[in-house]
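Observations on the three-dimensional arrangement
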Amino acid sequence: MKRRHFLTATAAATALLAAPRLARAAGEAARLAPALDAARNLAQLHGLIIAQDGKALLAEPIRGPRLDQPVNIKSISKSVISALVGRAIGDGILPGPEAPVVALLEKRLPAEADPRLQRITLDHLLSMRAGLERTSGPNYGAWVKSRNWVRHILSRPFVEEPGGPMLYSTGSTHLLSAILTDATGRSTLELARAWLGEPLGIDIPAWERDPQGVYLGGNNMLLSPEGLLRFGEMYRQGGQFDGKRVLPADWVASSWRLRTTSRFTGHGYGYGWFIYELGGHPVYYAWGYGGQMIYIVPDLRLTVVVTSDPSAPSGRSGYADDLHTLVARHIIPALG
C-alpha cells in the first residue's frame, strides 16, 4: 500500500510539473493560430515551421511533403554555398574575401579572358557584384545548356564594373562551388555533408552537376524543412549548433553585413542573405524561387522556415510579399 501511495504521489507531482509546460504550449498555439490560418490561405505554401529559442512552436506540413522530407530549396542553396566558403576561409583553405578569383580558377579560365576578370574578388561573387552579365532570369537556360558552365560565366560581357551594383546571378555562386572543389580536392556535395550535414544532423542528397562534374552552386539543392530550420538556427546562434562550432562567428556577422541592394526588391544583401526589417525588427532571410524561405529575427530569438511550390514564381507574383506580411503581421506580433 505504501509503495502504491508513493507511485500515485509521484504521478501527481509529475502532472503538476507538466501542467505549466502544457499551459505554455497551449498559449503559444493560441497566439500562433492566426498565423497558421493566414498560412493556410496561401495556396502556394507547403510547410511552415516557427521556432523560438530553438524550440519549434509550430510545425505544419500544410500541403505537400512531410517536414522531414528533402525538397528543392532553389536559391537558398546560395546561402549554403556562402556557409561553405566561410568555413573554407576560417580553416585557411581559401584566402579572405578580398582575394582575386582568377588565381583560384586558373585552370578554368577562358582562352581570351577579359582583363577585368582580374578585379573580381570572392567578396564580389558572394555579394553578387561581379559585374558580369547575369546567368539567372532569361539567361539561365542558355547557361545550363552550355558545354562548360564555368567558362560560359567567365565569358559573359561586363555590364557593370566589378564591385558595382548587385546583379543577381546563380553563375556567381557556381563559380564559388568550382573554387571550393579546386581548393579542397573534394566535391561541393562532400563538403556540404562533412561541414554542414554531419554537425547539424541533416541529410544532404546529391543534386545537379555541370558537365565538368562541379555541383551546381546556388540552385536545386535538396534539404528538408527541418534541415533548413537547423541551418537557420546555426546562423541565429552565431555559427554554433548544439553547443558546437560549425562556422566562424565572424563569418555570420560578415554574411549579415550590408554589401549592396537588390534592384528588384530594394532589400539589402550580404553574403547569401537578404537584409530587411519586418514588424519593426531587423530580419535576415534566405530566399529561393517559389517561396522557399528562412527568416531569422535575432532580437526575438526567432527562426521561421517556409517551403512552397518550387514551380511557381514568388517575386513578380507578389507571393514573397505575402510571406513577408505573414511574418510581419502574424508571427512577430505573436512572439514579440
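1. Structural notes on helix H6 (residues 170-184)
Helix length check: H6 (15 residues) gives 21 Å between terminal C-alpha atoms against 21 Å at 1.5 Å per residue, within 8%. Burial analysis of H6 places twelve of its 15 residues in the buried class, the great majority of the element. Listing the buried residues of H6 in full gives Thr-170, Gly-171, Ser-172, Thr-173, His-174, Leu-175, Leu-176, Ser-177, Ala-178, Ile-179, Leu-180 and Thr-181. Those residues of H6 that are buried are in contact with helix H2 (76-90), helix H3 (122-126), helix H4 (140-144), helix H5 (149-154) and helix H7 (188-200). Within two residues after H6, Gly-185 carries a phi angle of roughly 75°, on the positive side.

2. A word on unusual backbone geometry
Positive phi is not limited to glycine here, since Asp-53 has a value of about 55°. Counting through the fold element by element, Asp-53 comes out in the loop between strand S1 (45-52) and strand S2 (55-60). Here Arg-301, not a glycine, exhibits a phi torsion of approximately 55°, which is positive. On the secondary structure map, Arg-301 appears in the loop between strand S11 (292-297) and strand S12 (302-308). For Arg-301, a relative accessible area of 35% puts it in the partly exposed group.

3. Focus: the environment of Ile-204
With respect to the secondary-structure elements, Ile-204 resides in the loop between H7 and strand S4 (222-223). We classify Ile-204 as buried; its relative accessible area is 3%. Residues within four places of Ile-204 in sequence aside, it is in contact with Leu-189, Ala-192, Arg-193, Leu-196, Gly-197, Met-221, Leu-222 and Leu-223.

4. Details of the sheet that holds strand S7 (residues 260-261)
One open sheet holds the eight strands; their spatial order is S2-S1-S12-S11-S10-S9-S8-S7, and the pairing between them is antiparallel. At either margin of the open sheet sits one strand with a lone partner, and together these are S2 and S7. In terms of strand pairing, strand S9 (residues 274-278) meets strand S10 (residues 281-288) through five bridges, oriented antiparallel. By the bridge assignment for S10, Glu-277 is matched with Pro-282. Along the sheet, helix H8 (residues 225-236) contacts S1, S11 and S12; its crossing angle with S12, the most-contacted strand, is approximately 150°.

What counts, and at which threshold
- Residues numbered from 1 in each chain as written.
- Predicted model: local features only at pLDDT ≥ 70, side-chain atom pairs only at ≥ 80, totals over all residues.
- Heavy atoms only, no water.
- Helix = DSSP H or I, 4+ residues; strand = E, 2+ residues; numbered from the N terminus.
- Expected span 1.5 Å × (residues − 1).
- Buried < 20%, exposed > 50% of the residue type's maximum accessible area, 1.4 Å probe, protein only.
- Contact = heavy atoms within 4.5 Å.
- Pairing = 2+ DSSP bridges.
- Axes fitted to C-alpha atoms, helices over the stretch in contact; angles between N-to-C directions.

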